[in-house]
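Chain and residue survey
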Amino acid sequence: MVTIGFGRAENIIPTSLGDVRKATDDISIANILGKAKTNSSAMFMVKFSRTDGTNVEITDYLGAFAHVVIVPLDGSAIIHAHPMPTGKSDEGMLQVTFPKVGDYRVWIQFLDGGKLRTTPLSIKVN
Ligand SMILES: [Cu+2]
């Protein structure tokens, strides 16, 4: 038997995450728009803005416009995708295939003004 002291109780896993399509890390905002569906590729628009109204300055990070990591609530898969350029400096098109119905945690990581931002979102797939 192993006894571990001075730890913290595990995080309670919520039964639902809902659809949280907009999130901020400091002043940078990531917003993911589009309809989520299972077993066929879904197209989303990822848009970046700032809480103070100034223009974002998105530059590539590790060779991509942004990195998107998507995990179902039960942790049974990891989806890693990169938005494609649209010609506008503050948005990208994201193609994702969700394996099943349910709630997914989403993190979008990007460089805005030379600072690395990570925004947590969620998508409900019906
Ligand atoms: Cu990536």
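That block above? That's the structure.
Residues numbered from 1 in each chain as written. Predicted model: local features only at pLDDT ≥ 70, side-chain atom pairs only at ≥ 80, totals over all residues. Heavy atoms only, no water.

1. A short note on the nonpolar core
In summary, soluble globular proteins display a tendency toward joint burial of nonpolar side chains. We apply this condition: We define the nonpolar core as a collection of buried residues of types Ala, Val, Leu, Ile, Met, Phe, Trp, Tyr and Cys that are connected through side-chain atoms lying within 4.5 Å of one another. Throughout this description, buried means an accessible area under 20% of the type-specific maximum (1.4 Å probe, protein chains only), exposed means over 50%, and partly exposed covers the range between. Here a residue-residue contact requires only that any non-hydrogen atoms of the pair lie within 4.5 Å.
One finds Phe-44, Phe-48, Ile-70, Leu-94, Phe-98, Ile-108 and Ile-123 to be the most contacted residues of the largest nonpolar core, which totals 26 residues. What Phe-98 contacts, discounting residues up to four positions off in sequence, is Ala-36, Lys-37, Thr-38, Asn-39, Phe-44, Ile-70, Tyr-104, Ile-123 and Val-125.

2. Observations concerning the pattern of salt bridges
Cut-off, in case you're wondering: A pairing counts as a salt bridge when a side-chain nitrogen of Lys or Arg comes within 4 Å of a carboxyl oxygen of Asp or Glu.
Following the criterion strictly, the structure yields 7 salt bridges and no others. A salt bridge links Asp-19 to Arg-21; its shortest N-O distance comes to 3.2 Å. Exposure remark for Asp-19: the relative accessible area of 43% places this residue in the partly exposed category. Owing to a relative accessible area of 16%, Arg-21 belongs among the buried residues under this scheme.

3. A look at the coordination of the copper ion
Just so we agree on the cut-off: Here the term donor refers to an N, O or S atom within 2.8 Å of the metal (or 3.2 Å for Na, K and Ca), and because water is left out of the atoms, sites may appear incomplete. Helix numbering and strand numbering both begin at the N terminus, where a helix is a DSSP run of H or I of at least 4 residues and a strand a DSSP run of E of at least 2.
The copper ion binds to the protein through His-67 (ND1), His-80 (NE2) and His-82 (NE2); the donor distances cover 1.9 to 2.0 Å. In the primary sequence, the donor residues of the copper ion line up as H-x12-H-x1-H. A residue pair is termed long-range when its members are at least 10 positions apart, and His-67 in strand β5 (residues 67-72) and His-80 in strand β6 (residues 79-81) qualify at 13 residues.

4. Section: the packing of aromatic side chains
Our working definition: When two rings of Phe, Tyr or Trp (its six-membered ring) have centres within 6.5 Å they constitute a pair, described as stacked for plane angles under 30 degrees, edge-to-face for angles over 60, and tilted for the intermediate range.
With the rule as written, the count across this model stands at 4 aromatic pairs. Between Phe-44 and Phe-98, the aromatic rings sit 6.1 Å apart at their centres with planes inclined by 90°, giving edge-to-face as the arrangement. Of this pair, Phe-44 sits in strand β3 (residues 42-50) while Phe-98 sits in the loop between β8 (91-96) and β9 (102-112), and the two are 54 residues apart along the sequence. Summarising the burial analysis for this pair, Phe-44 and Phe-98 share the class buried. Judged by centre distance (5.8 Å) and plane angle (65°), the ring pair of Phe-48 and Phe-65 falls under edge-to-face. With a gap of 17 residues between them, Phe-48 in strand β3 and Phe-65 in the loop between β4 (58-59) and β5 connect regions that are remote in the sequence. On the basis of relative accessibility, which here comes to 3%, the residue Phe-48 falls in the buried class. Connected via pairs of aromatic rings, a cluster forms that spans Phe-44, Phe-98 and Tyr-104.

Everything listed here is a matter of coordinates, which is why it stays silent on function.
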